[in-house]
Amino acid sequence: LAGPSEFALSVSMSVSPDVLVSGAVQQAAVSVQARDAAGAPRANQQFRLFTMVDDTPVDFGTLSVPAVVTGADGRATAIYSMPKFSPFMAGTPSKKVSIVAVPVGTDYNAALPYTAAVLVVPPP
């Protein structure tokens, strides 16, 4: 056996930067890379995107799009923007926000979610 072992779809995700601080950088680029069983880029693979906090799906900040489709290079991108904080939230704990990508295909029950995390730091 050779190559990826995820039944014809290998997915990796990244978020850059992975720490967002209120009053500084407030957006992060989300990248999803898909490869086929041979390790070649997989074009036209659609992913549904959403955010989770504490393992609960919740809108915490915004994603530029709810779904992405990979290009010829097997890569798709979106932008995550941290939520706007009010002065009342100053000093509250930071939140780990998981960006989740679920491949869209023929069997929703068999679709594996892929995640990348970003730390959102409120104002001091």
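You'll find the structure just up there.
Residues numbered from 1 in each chain as written. Predicted model: local features only at pLDDT ≥ 70, side-chain atom pairs only at ≥ 80, totals over all residues. Heavy atoms only, no water.

Novice: Which residues make up the overall build of the protein chain, and what are the values?
Specialist: Secondary structure assignment for the protein chain yields zero helices and 10 strands. Sequence-ordered secondary structure for the protein chain, helices as α and strands as β, is β-β-β-β-β-β-β-β-β-β. For the protein chain, the C-alpha atoms occupy an extent of roughly 55 × 25 × 25 Å along the three principal directions. Out of the 124 residues belonging to the protein chain, those deemed buried represent 35%. Here the contacts in the protein chain between residues at least 6 apart in sequence split such that 60% fall between residues at least 24 apart. Accessible surface for the protein chain amounts to roughly 7300 Å². Of this, 57% is attributable to carbon and sulfur atoms. Seen as two clouds, the 7 positive and the 8 negative side-chain charges of the protein chain have centres 5 Å apart. (Helix = DSSP H or I, 4+ residues; strand = E, 2+ residues; numbered from the N terminus. Buried < 20%, exposed > 50% of the residue type's maximum accessible area, 1.4 Å probe, protein only. Contact = heavy atoms within 4.5 Å. Areas by Shrake-Rupley, 256 points an atom, 1.4 Å probe, with all protein chains shown as cover. Lys, Arg positive; Asp, Glu negative; His and termini not counted. Charge placed at Lys NZ, Arg CZ, Asp CG, Glu CD.)

Novice: Help me get a handle on the environment of V100, residues and values and all.
Specialist: One can find V100 in strand β9 (residues 95-103). Between the C-alpha atom of V100 and that of M82, which follows or precedes it by 18 residues, the distance is 15 Å. Contact partners of V100, with chain neighbours within four places excluded, come to R48, L49, F50, M52, P113, Y114 and T115.

Novice: Outline the side chain of T70, supporting the account with residue identities and numerical values.
Specialist: Structurally, T70 is set in the loop between β7 (67-69) and β8 (75-81). According to the relative accessible area criterion, T70 is buried, its value standing at 2%. In this structure the side chain of T70 is engaged in a polar contact, spanning 2.9 Å, whose partner is the backbone nitrogen of Q45. Discounting chain neighbours no more than four positions away, the residues touching T70 are V32, A34, R42, A43, N44, Q45, F47, R75 and A76. (Polar contact = N/O pair within 3.5 Å; in protein donor to acceptor, adjacent residues only side chain to side chain.)

Novice: Help me get a handle on the sheet that holds β8, residues and values and all.
Specialist: Read across the open sheet, the four strands follow the order β1-β3-β8-β6; overall the sheet is antiparallel. Edge positions in the open sheet fall to β1 (10-16) and β6 (62-63), since each of these has one partner strand only. (Pairing = 2+ DSSP bridges.)

Novice: Mind laying out the environment of S86, listing which residues take part and the relevant values?
Specialist: Within the secondary structure layout, S86 lies in the loop between β8 and β9. In sequence terms S86 and S14 are 72 residues apart; their C-alpha atoms lie 28 Å from each other.

Novice: Can you explain the environment of P57? Please cite residues and give values.
Specialist: Note that P57 resides in strand β5 (residues 56-57). Separated by 48 residues in the primary sequence, P57 and L9 have C-alpha atoms spaced 24 Å apart. Discounting residues that sit within four places of it in the chain, P57 has contacts with F50, T51 and M52.

Novice: Describe unusual backbone geometry, listing the residues and the values that go with them.
Specialist: Note that the residue after S16, namely P17, is joined by a cis bond; omega there is -5 degrees. Position of P17 among the secondary structure elements: in the loop between β1 and β2 (19-21). Positioned with a positive phi, D54 is a non-glycine residue whose angle comes to about 55 degrees. By secondary structure assignment, the location of D54 is in the loop between β4 (46-53) and β5.

Novice: Could you give an account of the pairing of β8, naming the residues involved and the relevant values?
Specialist: In the sheet, strand β3 (residues 27-35) pairs with β8 via seven bridges, with the strands oriented antiparallel. Among the inter-strand pairings, A28 is bridged to a residue of β8, identified as Y80. Pairing of β6 with β8, which is carried by two bridges, proceeds in the antiparallel orientation. Directly across from L63, in β8, lies its bridge partner Y80.

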